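Observations on the three-dimensional arrangement
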Amino acid sequence: SNFIIKQWYQRRVVITAGGFSFDNCRRNAFMEKQGITFPTARKTGTTICGVIYKDGVVLGADTRATGGSIVCDLNCEKIHYIADNIYCCGAGTAADTEFTTRMVSSKMELLKLRTGREGRVISALRMLKQYLFRYQGYISAALVLGGVDVTGPALYTVYPHGSTDKLPYVTMGSGSLAAMSVFEDRYKLNMEEEEAKALVCDAIKAGIINDLGSGSNVDITVIRKGEVEVFRPYQVVCQKSQRQGDYTFPRGTTVVTNTTEMVPFSALQVTDEEVMEL
Amino acid sequence: MAAHLASNELHLPKYVNMKERVAEFWKDEGTTVSPKKHTMQPIVTGTSVLGIRTKEGVVIAADTLGSYGSLARFRDIQRLMKVNDSTIIGGFGDYADFQFLMKLLRQQTIDDEVVGDGVYRDAPAIHNWLRCVLYNRRTKFNPLWNTIVVAGKNYGGEPYLGYVDKIGVAFEEKTVATGFGSYIALPMMRKAMDENPDMGVEEAKAVLKRCLRVLFYRDCRSLNRFQIGVVSAGETSISEPMSADTDWSIGANPSGYE
């Protein structure tokens, strides 16, 4: 009976096992030693931030996605929809933030249908942190979650290992220090909406200008009770400049030394034909 | 070391590791022979130094903390040094190495005085000298673990602000910051300069105070006690230690993490 119980337990464990399978780690280490380079994950190398103001939450993000030191996407969207009243900015690996937020968005919708109520930010927070903790930081998603629900405006950060913070102003990503310096200098409680938008825009701009992993435009999402306003873009910071010179050559630049008549294909005649047997 | 060969093994000459041989030789003496290493880590350290160059003069600031790892050990050290009437330097990084540089610079000033022609080394000269010294030390794999900010004026009286790194990186800029300051304070200083390029020394001091306050909020190894040095046409001085007003009312609302 001992054997049967052990088998049952093992089977159960196999069924409920989640997380990653690390079987390939040994193979990867071997390959690395052989000198094979692995492709880099596309990171968002980002500046994202959020503030709570008088009537709700303002979320901001830049729009540059990098793969190594190349800009993969000049205008990617980093403020993800979770629910009608909840949005989430994502920094870290682009795929991780995208799929994590989409998964939680689905779960929130199911929860809304199940309970018949508008979702709460705290529910999305719990789902995110329990998911990310299970993967022990291997899912590289650093999120700024904000929204307005029945309990009022709410703003949280979620770190890749699953810890969360509840704060009136937050920044994440590689440009977070530049953005945080703006907040620490000028944040006040109960700001007006225009003030809050200007503050978030300045914070993202500080990241765009001073951090190499952030760039392009400032996206802002304002969440109030009952409505959401998406500004995409709120401000274009990096504009492609006009080309100074014209590189097209005028007709006649190249001197024609002689011309040969082009033989049309139809004029060709088949002289010898040999069909090869496969 | 003696190889016990099996009878069917080939005895081929093999590469001999001299280090191993020598170590083996000295083994019983209780000493190990290894190449001379300069394993470096800074011990007592100073955090950010900030500098702004305005048309009127240069303002430089640093706090008075010498950290011993995570311990706030020496809370009253001078990280700004007046070299002569034209230059003030600020030191980030290992404080012992900074004291060494200060000693050399003090001697240089004495030498300048002894010559007696009234000419003292100006800021660009000191900046260049520091760059040579620091780069030379890094080339010998024995760096002076500092980043120095050189604030002053040149012989023509024009304001000068320079930065030298422990690896010999040196440049001149309108706004300069070391360490954490380059992530937190530099964006603020750059924005202030962009918005008000003709700012004066008093406005620059106000900007630095704001930056030092934010650094105190966000840099673990900082202290709310700092000195501000000014080099302008009229004065070259380092202020008495002062503090910034801080607002911790954000912490008043109990919030937790959920």
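Refer to the structure printed above.
Anyway, here's the lowdown on the structure attached to this text. Here the structure is a predicted model, which means the values were calculated and not measured.

The next thing to look at is the layout of surface pockets. Its volume calculated, the largest pocket comes out at about 660 Å³. If you trace the largest pocket, you find 26 residues lining it, with A:P168, A:Y169, A:Y187, B:I250 and B:G251 closest to the centre. If you list the elements that add at least two residues to the lining of the largest pocket, you get β8 (152–158) and α5 (176–186) of chain A together with α5 (201–218) of chain B. Looking at the lining of the largest pocket, its residues break down into 14 nonpolar, 4 polar and 8 charged.

Below, the discussion takes up the interface of chain A and chain B. Taken together, the contact between chain A and chain B spans 22 residues of the former and 16 residues of the latter. With both chains or domains summed, chain A and chain B bury close to 1700 Å², and 55% of this area falls on carbon and sulfur atoms. The tally of links from chain A across to chain B stands at 5 salt bridges. In this structure, B:R210 and A:D185 form a salt bridge, with 2.8 Å as the shortest nitrogen-oxygen distance. Connecting chain A to chain B are 7 residue pairs in polar contact (both at pLDDT 80 or more). Counting residues per element, the ones that place at least two in the side of chain A that touches chain B are α4 (121–134), β9 (164–166), α5 and α6 (193–210) of chain A. It is α5(A) that provides the largest number of residues to the side of chain A that touches chain B, a total of 7 residues.

All right, on to the pattern of salt bridges then. Across all of its chains, the model carries 25 salt bridges over all chains by this definition. Where B:E258 meets A:K129, a salt bridge forms, and the shortest distance between an N and an O atom there is 3.1 Å. One end of the pair, B:E258, is in the segment after β13 (236–238); the other, A:K129, is in helix α4, on a second chain. Accessibility expressed as a relative area gives 13% for A:K129, which makes it buried. The shortest N-O distance in the salt bridge between B:D85 and B:K82 comes to 3.2 Å. By relative accessible area, which is 55% here, B:D85 ends up exposed.

On to the side chain of A:T221, then. Note that A:T221 resides in strand β11 (residues 217–224). Once residues within four sequence positions are removed from consideration, A:T221 is found in contact with A:V57, A:V58, A:L59, A:I79, A:Y87, A:V228, A:E229 and A:V230.

What follows concerns empty space enclosed by the protein. A probe matching the size of a water molecule, rolled over the atoms, marks out where space remains unfilled. Residue and element names in this part refer to chain B. Applying the stated criterion across every chain, the model contains 1 cavity of 30 Å³ or more. Of the voids in this model, the largest cavity is the one considered here, and its volume is about 60 Å³. Together, T47, S48, D63, R79, L212, L215, F216, D219, S222 and L223 line the largest cavity. When its residues are assigned to classes, the lining of the largest cavity shows 4 nonpolar, 3 polar and 3 charged.

Let us now look at the packing of α5(A) against α5(B). Running from amino to carboxyl end, α5(A) crosses α5(B) at an angle of 110 degrees, the nearest separation of the two axes being 10 Å. Relative to α5(B), the element α5(A) lies roughly perpendicular. Contacts between α5(A) and α5(B) involve A:M180, A:S181, A:E184 and A:D185 from the first element and B:R210, B:V214, B:Y217 and B:R218 from the second. Residue classes in the contact of α5(A) with α5(B) are distributed as 3 nonpolar, 1 polar and 4 charged.

Our focus in this paragraph is helix α2 (residues 95–115) of chain B. All names here are of chain B. With 21 residues, α2 extends 30 Å between its outermost C-alpha atoms, agreeing within 8% with the 30 Å of an ideal straight helix rising 1.5 Å per residue. When we look at burial in α2, the residues that qualify are Y95, D97, F98, L101, M102, L105, Q108, T109 and D112. Buried residues of α2, seen end-on, are gathered within an arc of 145 degrees and therefore sit on one face of the element. Exposed side chains of α2 directed beyond 90 degrees from the buried face belong to K103 and V114. Close packing links the buried residues of α2 with β1 (44–46), β6 (80–84), β7 (87–94), α3 (123–139) and β8 (146–153). By the N-cap criterion, in which a side-chain oxygen at the helix start approaches the backbone nitrogen of a residue two or three places on, α2 is capped by D94, the distance to A96 being 3.3 Å. Just beyond α2, the residue with positive phi is G116, at close to 80 degrees.

About the criteria used
- Residues numbered from 1 in each chain as written.
- Chains lettered and ligands numbered in written order.
- Predicted model: local features only at pLDDT ≥ 70, side-chain atom pairs only at ≥ 80, totals over all residues.
- Heavy atoms only, no water.
- 1 Å grid on protein atoms, 1.4 Å probe; cavity = no way out; pocket = protein on both sides within 12 Å on 5 of 7 lines; lining within 4 Å.
- Points joined across faces, edges and corners; volume = space filled by probe spheres on them.
- Helix = DSSP H or I, 4+ residues; strand = E, 2+ residues; numbered from the N terminus.
- Nonpolar A, V, L, I, M, F, W, Y, C, P; charged D, E, K, R; others polar.
- Contact = heavy atoms within 4.5 Å.
- Buried area = accessible area lost by both parts, 1.4 Å probe.
- Salt bridge = Lys/Arg side-chain N within 4 Å of Asp/Glu carboxyl O.
- Polar contact = N/O pair within 3.5 Å; in protein donor to acceptor, adjacent residues only side chain to side chain.
- Buried < 20%, exposed > 50% of the residue type's maximum accessible area, 1.4 Å probe, protein only.
- Axes fitted to C-alpha atoms, helices over the stretch in contact; angles between N-to-C directions.
- Parallel < 35°, antiparallel > 145°, perpendicular 65-115°, else oblique.
- Expected span 1.5 Å × (residues − 1).
- Arc of directions from axis to C-beta.

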